[in-house]
Amino acid sequence: MARMRILVTGGAGFLGSFLCQRLLADGHDVLCVDNFFTGSRDNVLHLLDDPRFEVMRHDVTFPLYVEIDQIYNLACPASPIHYQYDPVATVKTSVHGAINMLGLAKRTHARIFQASTSEVYGDPTVHPQPESYRGSVNPVGPRACYDEGKRCAETLFFDYHRQYGIDIRVARIFNTYGPRMHPNDGRVVSNFIVQALKGDPITLYGEGLQTRSFCFVEDLIEGFVRFMAAPAGVTGPINLGNPSEFTIRALAEMIIELTGSRSQIVYRPLPQDDPLQRQPDIRLASEQLGWRPAVPLREGLVRTIAYFETMLRGADLHVLPAARAPVRLHGGAPLAVAAQG
Ligand code: NAD
Ligand code: UDP
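Right, let's walk through the structure included here. None of the values given here were measured: they were computed from a predicted structure.

Turning next to the site of ligand 1. Of all residues adjacent to ligand 1, which total 30 residues, the nearest are Leu15, Asp34, Thr38, Tyr146 and Lys150. In the model, an oxygen atom of ligand 1 is placed 2.9 Å from a nitrogen or oxygen of the Phe14 main chain. In this structure, Leu74 approaches ligand 1 through a main-chain N or O atom, which is 2.8 Å from an oxygen atom. Summarising the interface, the protein chains cover 96% of the accessible area of ligand 1, which totals 820 Å² for the free molecule.

Written out as structure tokens, the structure is:
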């Protein structure tokens, strides 16, 4: 494959760091752009010695002038507690970020990938969710800044495609987990694993009967790369996720078993608009990309637990570097977000 200059926005985040690593391994030059709101240099520390890797602190809500061949647009907080921390900034990141990156794609004639989400389906009334399902999103609820921001970004991608012929790839990503998730980012897999390893109560929201379908990060990144390499005209939207569906209670029980933890399950109120069920229909990904996930939940959890065990052994969560600690989010806005006003 020809060597390309590839921009990854949100490249210092959980998924972005794995993507940068994969693209470097494939022989490309990678420019990682991130404002470090939820991401961290720690996530890409192991890549910094590679002369083909470059990190730039930049907020995608502002224009960016670089010369590149491809763009993966991942910049956006993904965990509900993070995207609800500054909802206006979340909308701006999705919408202004999409406009800026699409403008960059237009000027440079770059192919551009959008990290969209299963949240565009909201609390779905169709199950499992195919790409043709138009969704059931509350436009004024606490999750709307993320859901509607991502929906508007999809609209922009398709309008730039129709109006200017931009070569777009829109992936709807379902819940993905793995090493390098932020230990305090509030998403269910990292929450439960950290709680189990520390012997803290496992916080189950509602009765835990809501479902999610969890994809291991390496499987997902393979889907990204295949989608980007697909022939012209394969625009998506395409669902990327693991169709094996679990209740959140079953997830809690599996993590307790795999960690051998003595943690007890405690019940907390279900957050507003929390989707009751979610499972990707991945027939399109299978037909158009020849892709399907290979790592079962149990195996992916074992690998993720090993990562968090190592991390917790080496670090008290309270003394983790500021960029990784929640206190930064609740005790004062990170600089980049404050600057967006
Ligand atoms: P993450 O929070 O770990 O990564 C997001 C990255 O974007 C972080 O490094 C953050 O600092 C950066 N960022 C946020 N706002 C920015 C801005 N204005 N300018 C520049 N950088 C900014 O989350 P993730 O799980 O790696 O998610 C990556 C992308 O994938 C997101 O767009 C998310 O919506 C999408 N996604 C993820 C999942 C999942 O399960 N992980 C599911 C659906 C969609
Ligand atoms: N959840 C939970 N306990 C937690 C964190 C999350 O029961 O400590 C539930 C949450 O209510 C949701 C599911 O787990 O039903 C997945 O939550 P997450 O924030 O990971 O992702 P999303 O809701 O965006 O799919």
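Glancing now at the nonpolar core. The biggest cluster of nonpolar side chains holds 62 residues, and the ones touching the most others in it are Leu19, Tyr72, Phe113, Phe224, Leu240, Leu289 and Leu301. Other than its neighbours up to four places away in sequence, Leu301 contacts Tyr177, Val189, Ile193, Leu251, Met254, Ile255 and Leu258. Residues Leu7, Leu64, Tyr160 and Val170 belong to the second largest nonpolar core, which totals 25 residues.

Next up on the list: the site of ligand 2. In the vicinity of ligand 2 lie 18 residues, with Asn191, Thr203, Arg212, Asp274 and Arg278 positioned nearest. In this structure, Asp274 approaches ligand 2 through a side-chain N or O atom, which is 2.5 Å from an oxygen atom. Between an oxygen atom of ligand 2 and a side-chain N or O atom of Arg278, the distance comes to 2.7 Å. For ligand 2, the protein covers 95% of the area, taking 520 Å² as the surface of the free molecule. Listed by contribution, the elements that provide at least two residues to the shell around ligand 2 are α5 (188–198) and β8 (202–205).

Analysis parameters
Residues numbered from 1 in each chain as written. Chains lettered and ligands numbered in written order. Predicted model: local features only at pLDDT ≥ 70, side-chain atom pairs only at ≥ 80, totals over all residues. Heavy atoms only, no water. Near = heavy atom within 4 Å. Polar contact = N/O pair within 3.5 Å; in protein donor to acceptor, adjacent residues only side chain to side chain. Areas by Shrake-Rupley, 256 points an atom, 1.4 Å probe, with all protein chains shown as cover. Core = buried A, V, L, I, M, F, W, Y, C linked by side-chain atoms within 4.5 Å. Buried < 20%, exposed > 50% of the residue type's maximum accessible area, 1.4 Å probe, protein only. Contact = heavy atoms within 4.5 Å. Helix = DSSP H or I, 4+ residues; strand = E, 2+ residues; numbered from the N terminus.

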